[in-house]
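For reference, the chains in residue letters:
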Amino acid sequence: QLQLVETGGGLVQPGGSLRLSCAASGFTLDAYAIGWFRQAPGKEREGVSCISSSGGSTNYVHSVKGRFTISRDNAKNMVYLQMNSLKPEDTAVYYCAARYYSCSGSIHYWGKGTLVTVSS
């Protein structure tokens, strides 16, 4: 079975931090760029961040720049999203996705998502 599994979501107060993890099962991530997406209640899905297959380049949506950091450890077949200074508007289900070769490539795999709730 080929799949991605996200972990690390939960309930945090504004200003808090979480680290999300994306793990691959049944394949290796090193041939894929990995993107993080999120979907808030009643809103469209948006791309949050992406990292190249080698980890040599990253990008972020403007609203999270300076607060979120994407990274990967290909030896562990894992990708991470460190989220700091969380805001209520960051509340969403977060998904990771494996993209063929680049951050604009076709998405081959999606995870099922992990819920992040930022609330006091």
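Each chain carries its own residue numbering, running from 1 in the written order of its sequence. Totals for whole chains, interfaces and linings use all residues, but because this is a predicted model, local features are given only for residues with pLDDT of at least 70 and pairs of side-chain atoms are given and counted only at 80 or more. Side-chain numbers here rest on the full set of heavy atoms in the structure, without hydrogens or water.

Caption draft 1: Just the overall build of the protein, in detail. Each helix and strand counted, the protein has zero helices and eleven strands in total. Numbering of helices and strands runs from the N terminus; a helix is a DSSP stretch of H or I covering at least four residues, while a strand is a stretch of E covering at least two. For the protein, the sequential pattern of α-helices and β-strands runs β-β-β-β-β-β-β-β-β-β-β. Here the globule rule reads 2.2 Å times residues to the power 0.38, and the radius of gyration is calculated from C-alpha atoms. Taking 2.2 N^0.38 as the reference for a compact globule, 120 residues should give roughly 14 Å; the C-alpha atoms of the protein span a radius of gyration of 13 Å, in line with that estimate. Its C-alpha atoms give the protein principal-axis dimensions of about 40 × 30 × 25 Å. Relative accessibility thresholds used throughout: buried, under 20% of the residue-type maximum; exposed, over 50%; partly exposed, between the two (1.4 Å probe, protein chains only). Among the 120 residues that make up the protein, the fraction classed as buried is 42%. Nonlocal contacts in the protein, meaning residues at least 24 apart in sequence, comprise 54% of its contacts between residues at least 6 apart. As displayed, the protein offers around 6200 Å² of accessible surface, 48% of which is attributable to carbon and sulfur atoms. Across the protein, the mean location of the 11 positive side-chain charges is 1 Å away from that of the 7 negative side-chain charges. Here a residue-residue contact requires only that any non-hydrogen atoms of the pair lie within 4.5 Å. To be clear on the numbers: accessible area is Shrake-Rupley with a 1.4 Å probe, and residue cover counts the displayed protein chains and nothing else. Charge assignment: positive for Lys and Arg, negative for Asp and Glu; neither His nor the chain ends contribute. Charged side chains are reduced to one point each, which is NZ for Lys, CZ for Arg, CG for Asp and CD for Glu.

Caption draft 2: Focus on the nonpolar core. Ranked by internal contacts, the top residues of the largest apolar core, which has 28 residues, are Leu4, Trp36, Leu81, Met83 and Tyr94. Sequence-distant contacts of Leu4, that is, excluding residues within four places in its chain, are made with Cys22, Ala23, Ala24, Phe27, Leu29, Cys96, Ala97, Ala98, Tyr109, Trp110, Gly111 and Lys112. Residues belong to a common nonpolar core when they are buried Ala, Val, Leu, Ile, Met, Phe, Trp, Tyr or Cys residues joined through side-chain atoms within 4.5 Å.

Caption draft 3: How the structure looks around the side chain of Arg72. Looking at the secondary structure, you find Arg72 in strand E7 (residues 68–73). There is no salt bridge for the buried Arg72, and the closest opposite charge comes from Asp30, which lies 6.7 Å off by N-O distance. Think of a polar contact as two N or O atoms within 3.5 Å of one another; within protein, one of them needs to be a possible hydrogen donor and the other a possible acceptor, and neighboring residues in sequence only count if both atoms come from side chains. Within polar-contact distance, the side chain of Arg72 engages the backbone oxygen of Tyr32 at 2.9 Å. Looking at Arg72, its side chain comes within polar contact range of the side chain of Asn74, at 2.8 Å. Salt bridges are counted wherever a side-chain nitrogen of Lys or Arg sits within 4 Å of a carboxyl oxygen of Asp or Glu.

Caption draft 4: Molecular detail of the pairing of strand E1 (residues 3–7). Where burial is concerned, the two faces of E1 differ: the one with Leu4 and Glu6 is buried and the one with Gln3, Val5 and Thr7 is not. Alignment of E1 against strand E3 (residues 18–25), held across five bridges, turns out to be antiparallel. Following the sheet pairing, Val5 is matched in E3 by Ala23. Strand pairing is defined by DSSP finding a minimum of two bridges between the two strands.

Caption draft 5: Highlighting unusual backbone geometry. The backbone of Asn77 shows a phi angle near 60 degrees, a positive value even though the residue is not glycine. Checked against the element boundaries, Asn77 lands in the loop between E7 and strand E8 (78–83). Looking at Asn77, the relative accessible area reads 15%, which means it is buried. Look at Tyr101: it is not a glycine, yet its phi comes out positive at around 75 degrees.

Caption draft 6: Region of interest: the state of the cysteines. Cysteine sulfur atoms are paired as a disulfide whenever they fall within 2.5 Å. What the rule picks out here adds up to two disulfides. With a sulfur-sulfur separation of 2.1 Å, Cys22 is cross-linked through a disulfide to Cys96. Taking the sign of the torsion about the S-S bond as the criterion, the disulfide between Cys22 and Cys96, at about 75 degrees, is right-handed. Of this pair, Cys22 sits in strand E3 while Cys96 sits in strand E9 (residues 92–100), placing them 74 residues apart in sequence. Take Cys22 and Cys96: they sit in the same class, and that class is buried. Note on cysteine connectivity: Cys50 is disulfide-linked to Cys103, with sulfurs 2.0 Å apart.

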